[in-house]
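What follows is the residue order along each chain.
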Amino acid sequence: MNKNTLKSIGAVLAGIFAGIILTIGTDIALHAIGVFPPWGASMVGFDGPLLLATVYRTVYGVLASYIIARLAPDRPMQHALVGGGAGLAVSILGAVLTWNKGPAFGPHWYPLALIVLAIPQAWAGGKLRLMQLPARSDD
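This paragraph deals with the overall build of the chain. When helices and strands are counted, the chain shows 4 helices and 0 strands. Each of the three principal axes of the chain carries a C-alpha extent, and together these read 55 × 25 × 25 Å. In the chain, buried positions account for 33% of the 139 residues. Within the chain, contacts between residues separated by at least 24 positions form 73% of all contacts whose residues are at least 6 apart in sequence. Counting only carbon and sulfur atoms, one obtains 71% of the accessible surface of the chain, whose full area is about 8,300 Å².

This paragraph deals with the nonpolar core. A general tendency of soluble globular proteins is for nonpolar side chains to be buried together. With 8 residues, the main nonpolar core is built from L30, F36, M43, L50, A53, Y56, Y60 and Y110. In terms of residue count, the dominant contributor to this core is helix α2 (residues 47–71) (4 residues). Leaving out residues up to four positions away in the same chain, A53 has contacts with F36 and Y110.

Summed over the entire model, instances satisfying the criterion amount to 2 salt bridges. Close ionic contact of D27 with R57 constitutes a salt bridge, the shortest N to O distance being 2.6 Å. Taken together, the residues D27 in helix α1 (residues 3–32) and R57 in helix α2 connect sequence positions 30 residues apart. You can call D27 buried: its relative accessible area is 10%. The exposure class of R57 is partly exposed, given its relative accessible area of 24%. Of the charged contacts in the structure, one is a salt bridge between R75 and D74, with a shortest N-O distance of 3.5 Å.

Now for the packing of aromatic side chains. Tallied over the full model, the rule gives 2 aromatic pairs. An angle of 90° between the planes, with centres 6.0 Å apart, marks the rings of W109 and Y110 as edge-to-face. By relative accessible area, which is 32% here, W109 ends up partly exposed.

Its 30 residues give α1 an end-to-end C-alpha distance of 43 Å, which sits within 8% of 44 Å, the value for a rise of 1.5 Å per residue. Taken together, the buried positions of α1 are S8, A11, V12, G15, A18, G19, T23, T26, D27, L30 and H31. Packing partners of the buried residues in α1 comprise α2 and α3 (76–98). Measuring from the backbone nitrogen of N4 back to the side-chain oxygen at the start of α1 gives 3.1 Å, which picks out N2 as the cap. Two residues or fewer past α1, G34 is found with a positive phi of approximately 90°.

So, on to the packing of α1 against α3. Contact geometry for α1 and α3: axes closest at 10 Å, N-to-C directions at 50°. One element, α1, and the other, α3, form an angle in the oblique class. Of the two possible hands of crossing, α1 and α3 adopt the one that is right-handed. Note on element contacts: α3 touches α1 through H79, V82, G83 and A86, opposite S8, V12 and I16.

Reading the values: the criteria
Residues numbered from 1 in each chain as written. Predicted model: local features only at pLDDT ≥ 70, side-chain atom pairs only at ≥ 80, totals over all residues. Heavy atoms only, no water. Helix = DSSP H or I, 4+ residues; strand = E, 2+ residues; numbered from the N terminus. Buried < 20%, exposed > 50% of the residue type's maximum accessible area, 1.4 Å probe, protein only. Contact = heavy atoms within 4.5 Å. Areas by Shrake-Rupley, 256 points an atom, 1.4 Å probe, with all protein chains shown as cover. Core = buried A, V, L, I, M, F, W, Y, C linked by side-chain atoms within 4.5 Å. Salt bridge = Lys/Arg side-chain N within 4 Å of Asp/Glu carboxyl O. Phe/Tyr/Trp six-rings, centres within 6.5 Å; stacked < 30°, edge-to-face > 60°. Expected span 1.5 Å × (residues − 1). Polar contact = N/O pair within 3.5 Å; in protein donor to acceptor, adjacent residues only side chain to side chain. Axes fitted to C-alpha atoms, helices over the stretch in contact; angles between N-to-C directions. Parallel < 35°, antiparallel > 145°, perpendicular 65-115°, else oblique. Left-handed = near helix turned anticlockwise from the far one by under 90°.

Shown next, in the form of structure tokens:
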């Protein structure tokens, strides 16, 4: 593997890990202070907290995608979208594995929202990075 390939892989992994750490940390804090019910308890009737989770996960997804784009050796948007593709795949897998598996996983709109938002948040993170770069002239 050449140096840019390793940088590309590192950029994507760094963004993904940043998103995971932020998400898990926030989840733990919200469970600890009682915004979410105890781990494993039913999420049915917790639409407000699940909406909050959707919002912060979206913000973290944009931030993770920005990190990917910022660390990318070139083509920041493409790198951000690769991270978004990974997020999309994980969201689909999570929805499939938890669909109709009990009330602890909450209503169906929640995993569907995570699926629908994966690529737009990746694009937004990549776009934030592109807006920081000087304009290019491809003449």
